[in-house]
Amino acid sequence: MKTKLIDFSKFSSIKVGEVFDVKVVESCDEIDTDSYLIGSCNNILIGNTPPPLMMLGKGYDYIKIQNGVLKIGGATPSGKIVSFCKKHNIGGFEFVSHLPGKLGGLVKMNAGLKEFEIFNNLLLVSTCQGSLKKEDIEYGYRYSDINSPILEATFTINSTFDKQKVELFKKMRLNQPSTPSAGSCFKNPQGDYAGRLIEEVGLKGYRVGAMEFSQKHANFLVNNGGGIYDDAIFLIKEAQKRVYEKFKIKLECEIVILDSMQSMEQKRF
Ligand SMILES: Cc1cc2nc3c(=O)[nH]c(=O)nc-3n(C[C@H](O)[C@H](O)[C@H](O)COP(=O)(O)OP(=O)(O)OC[C@H]3O[C@@H](n4cnc5c(N)ncnc54)[C@H](O)[C@@H]3O)c2cc1C
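Since the structure is predicted, the reported quantities are computational estimates derived from the model, not experimental observations. (Residues numbered from 1 in each chain as written. Predicted model: local features only at pLDDT ≥ 70, side-chain atom pairs only at ≥ 80, totals over all residues. Heavy atoms only, no water.)

### Observations concerning the nonpolar core
Thought 1: In terms of nonpolar packing, the biggest core is built from 29 residues, with Leu70, Ile81, Phe93, Val96, Val107, Ile118 and Phe155 touching the most fellow members.
Thought 2: Those elements that place two or more of their residues in this core are β7 (69-73), α2 (78-87), α3 (103-108), β10 (122-127), β14 (150-155) and α4 (163-172).
Thought 3: Residue contributions to this core peak at four residues, all from α2.
Thought 4: Residues contacting Ile81, with those up to four places away along its chain left out, are Ile63, Ile72, Thr76, Phe93, Val96, Leu103 and Leu106.
Thought 5: One finds Val201, Val208, Ala218 and Cys253 within the second-largest nonpolar core, a separate group that totals 27 residues. (Core = buried A, V, L, I, M, F, W, Y, C linked by side-chain atoms within 4.5 Å. Buried < 20%, exposed > 50% of the residue type's maximum accessible area, 1.4 Å probe, protein only. Helix = DSSP H or I, 4+ residues; strand = E, 2+ residues; numbered from the N terminus. Contact = heavy atoms within 4.5 Å.)

### Some remarks on the side chain of Ser40
Thought 1: If you trace the backbone, Ser40 turns up in the loop between β3 (36-38) and β4 (44-46).
Thought 2: For Ser40, the side chain forms a polar contact with the side chain of Asn42, separated by 3.0 Å. (Polar contact = N/O pair within 3.5 Å; in protein donor to acceptor, adjacent residues only side chain to side chain.)

### Things to note about the layout of surface pockets
Thought 1: Of the pockets and cavities examined, the second largest pocket occupies roughly 210 Å³.
Thought 2: For the second largest pocket, the lining is made up of 14 residues, of which Lys4, Leu56, Gly57, Lys58 and Lys102 are closest to its centre.
Thought 3: At the level of elements, β1 (2-7) and β5 (53-56) are the ones that each hand at least two residues to the lining of the second largest pocket.
Thought 4: Among the elements that take part in the lining of the second largest pocket, β1 stands out by supplying three residues, more than any other.
Thought 5: Of the residues assigned to the lining of the second largest pocket, the class counts are seven nonpolar, one polar and six charged. (1 Å grid on protein atoms, 1.4 Å probe; cavity = no way out; pocket = protein on both sides within 12 Å on 5 of 7 lines; lining within 4 Å. Points joined across faces, edges and corners; volume = space filled by probe spheres on them. Nonpolar A, V, L, I, M, F, W, Y, C, P; charged D, E, K, R; others polar.)

### Quick look at the site of the ligand
Thought 1: Around the ligand, 34 residues are found, and the nearest of them are Tyr36, Leu37, Gly39, Pro100 and Gly112.
Thought 2: For the ligand, an oxygen atom lies 2.7 Å from a polar atom in the side chain of Tyr36.
Thought 3: In this structure, an oxygen atom belonging to the ligand sits 2.7 Å away from a main-chain N or O atom of Gly39.
Thought 4: Protein chains bury 94% of the 980 Å² of accessible surface belonging to the ligand in isolation.
Thought 5: When contributions to the shell around the ligand are tallied by element, the ones reaching two or more residues are β3, α3 and β8 (112-113). (Near = heavy atom within 4 Å. Areas by Shrake-Rupley, 256 points an atom, 1.4 Å probe, with all protein chains shown as cover.)

### Regarding the pairing of strand β6 (residues 63-66)
Thought 1: Bridge analysis of β6 against β7 gives four bridges, and the strand direction is antiparallel. The partner of Gln66 across the bridge, within β7, is Val69. (Pairing = 2+ DSSP bridges.)

### A word on unusual backbone geometry
Thought 1: Phi angles above zero are rare outside glycine, and Lys15 is one such case at about 60°.
Thought 2: Checked against the element boundaries, Lys15 lands in the loop between α1 (8-11) and β2 (19-25).

### Digging into the sheet that holds β10
Thought 1: Ordered in space as β6-β7-β14-β10-β11, the five strands form an open sheet in which the pairing is antiparallel. Two strands in the sheet have a free side with no partner beyond their single neighbour: β6 and β11 (130-133). When strand polarity is set aside, the average angle formed by the axes of neighbouring strands in this sheet is 20°.
Thought 2: Note: β10 against β14, five bridges, orientation antiparallel. Within β14, the residue paired with Val125 across the bridge is Ala153. (Axes fitted to C-alpha atoms, helices over the stretch in contact; angles between N-to-C directions.)

### What to know about the pattern of salt bridges
Thought 1: Counted by the stated rule, this structure contains 11 salt bridges.
Thought 2: One salt bridge in this structure joins Glu254 and Arg142, with 3.9 Å as the shortest N-O distance. Separated by 112 residues along the polypeptide, Glu254 in the loop between α6 (229-247) and β18 (256-258) and Arg142 in the loop between β12 (139-140) and β13 (143-144) bring together distant segments of the chain.
Thought 3: Residue classification places Glu254 among the buried residues on the basis of a relative accessible area of 10%.
Thought 4: Salt bridges here are not isolated pairs; linked through shared partners, they connect Glu117, Arg142 and Glu254. (Salt bridge = Lys/Arg side-chain N within 4 Å of Asp/Glu carboxyl O.)

### Section: α2
Thought 1: Looking at α2, one finds that the buried residues are Ser78, Ile81, Val82, Phe84 and Cys85. In an axial view of α2, the angular spread of the buried residues amounts to 165°, which keeps them on one side of the axis.
Thought 2: Buried residues along α2 sit against β6, β7 and α3.
Thought 3: Within two residues after α2, Asn89 carries a phi angle of roughly 55°, on the positive side. (Arc of directions from axis to C-beta.)

Structure below.
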């Protein structure tokens with residue numbers, strides 16, 4: 001089986017992490033149940049002692065129209081999905097134009113922007129444990145209960161590509177920092193905004209080492225250059241502590257934290 005040495009301070013969107021070996025899997029037979037499957041690490045914070053890691057290989061990077069539906073491989077990047085949809089005049093995926101990730105990560109996280117979510121046009125997900133129909137999957141805001149590697153997803157084709165939506169999504173990003181981050185750090189608690197709560201407890205712009213809750217948008221934990229995991233995790237815990245003390249609200253991480261010292265978000269296939 002192939003492995004790749006990956007420098008997570010370059011590979012992950014938040015630019016935090018050391019160099020670790022990652023297995024590249026080309027079939028379900030190669031899936032190691034002790035390893036954690038990563039996509040393109042736009043929503044992951046890698047710790048100092050992560051579990052063994054794996055990723056899907058090139059064979060899962062494809063997108064095609066077959067029998068009137070859209071089939072997308074688990075390792076297909078969001079940019080490729082949007083380009084294909086634009087070229088073939090397919091609607092419903094415009095929101096991923098500025099949403100970094102690969103299909104597997106987008107589906108697992110039910111990635112989205114406001115009412116636009118990857119599950120909206122989803123029909124079926126193929127995993128190493130067989131196919132799952134959308135109605136058999138539990139999903140919600142930035143969540144799905146799929147617990148097997150996503151190899152492919154099938155979507156309906158029922159609208160045409162809307163360039164104006166791409167512009168709209170671009171504008172919606174204007175209040176977000178361009179400094180490296182993993183997107184929103186915490187999920188918005190029901191009826192409130194994580195960013196507002198972080199600001200209320202005095203952590204907007206608060207910096208430890210190179211890691212900071214952004215001045216531009218407090219729910220973005222940004223890396224100003226050379227930031228380390230220990231500082232990131234300190235800030236995450238500090239925000240959770242302060243928000244709980246002041247509002248009795250438990251902030252839930254949207255970022256997936258991969259470190260064997262943290263019991264927070266670890267999950268293995
Ligand atoms: C600047 C920025 C802006 C962002 N804005 C948004 C936004 O508006 N909305 C939003 O929803 N997200 C946003 N994100 C977060 C991120 O883009 C999404 O969560 C995306 O779905 C992550 O995809 P990934 O391939 O990078 O997954 P990773 O970060 O690598 O993994 C995320 C999770 O998916 C699982 N996973 C990955 N691949 C598979 C697979 N094949 N099968 C099963 N599970 C898998 C991993 O195990 C992990 O639990 C943003 C991130 C950044 C950096």
